[in-house]
Amino acid sequence: QVLFVESGGGLVQPGGSLRLSCAVSGSFVSAYNMAWYRQAPGKQRELVAAITSGGTTNYAEATTGRFTISRDNTKKVVYLQMRSLKPEDTALYYCNALRTGTSVPLFDSWGRGTQVTVSS
């Protein structure tokens, strides 16, 4: 069983930065492609950034140039560095593994997420 524990969210002013962490428990974590998702109130969950097992990254258009995804396979942690935050980045942020070659989450179970609120 793979479990995800997200942390690092908070309240930040527009233009500020946050670094999110996702601790992943389970076996073969380094073999998974991983992703960060977010869900704002009243909206569907959307993919924010992804990183393959080999370290190749991909971003949603709304976050390109501002967010950076990375991973530490030794620690089984996936990070999301967020800069130049905007009010529209306000959401609950989650991580999950990805089905190979897709943006579809691999696991049905999710962590509790970490809340990011961007407001002055």
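Residues numbered from 1 in each chain as written. Predicted model: local features only at pLDDT ≥ 70, side-chain atom pairs only at ≥ 80, totals over all residues. Heavy atoms only, no water.

K.L.:
I'd like a description of the overall build of the protein, backed by residues and values.
P.N.:
The secondary structure content of the protein amounts to zero helices and ten strands. Reading the secondary structure of the protein in the N-to-C direction produces β-β-β-β-β-β-β-β-β-β. Relative to the 2.2 N^0.38 estimate, which gives 14 Å for 120 residues, the radius of gyration of the protein is 13 Å and therefore close to what a compact globule would have. Taking the principal axes of its C-alpha atoms as reference, the protein extends roughly 40 × 25 × 25 Å. Burial status across the protein gives 39% buried among its 120 residues. Once local pairs closer than 6 in sequence are excluded, the contacts in the protein between residues at least 24 apart make up 54%. Entry remark: accessible area of the protein is about 6,500 Å², with carbon and sulfur atoms responsible for 49%. Seen as two clouds, the 12 positive and the 7 negative side-chain charges of the protein have centres 5 Å apart. (Helix = DSSP H or I, 4+ residues; strand = E, 2+ residues; numbered from the N terminus. Rg over C-alpha atoms; globule rule 2.2 N^0.38 Å. Buried < 20%, exposed > 50% of the residue type's maximum accessible area, 1.4 Å probe, protein only. Contact = heavy atoms within 4.5 Å. Areas by Shrake-Rupley, 256 points an atom, 1.4 Å probe, with all protein chains shown as cover. Lys, Arg positive; Asp, Glu negative; His and termini not counted. Charge placed at Lys NZ, Arg CZ, Asp CG, Glu CD.)

K.L.:
Tell me about the pattern of salt bridges, residues and numbers included.
P.N.:
This model, assessed by the stated rule, comprises three salt bridges. As a salt-bridge pair, Glu46 and Arg38 come within 2.7 Å of each other at their nearest N and O atoms. Bridged by salt links that share partners, the residues Arg38, Glu46, Arg66 and Asp89 form one connected network. (Salt bridge = Lys/Arg side-chain N within 4 Å of Asp/Glu carboxyl O.)

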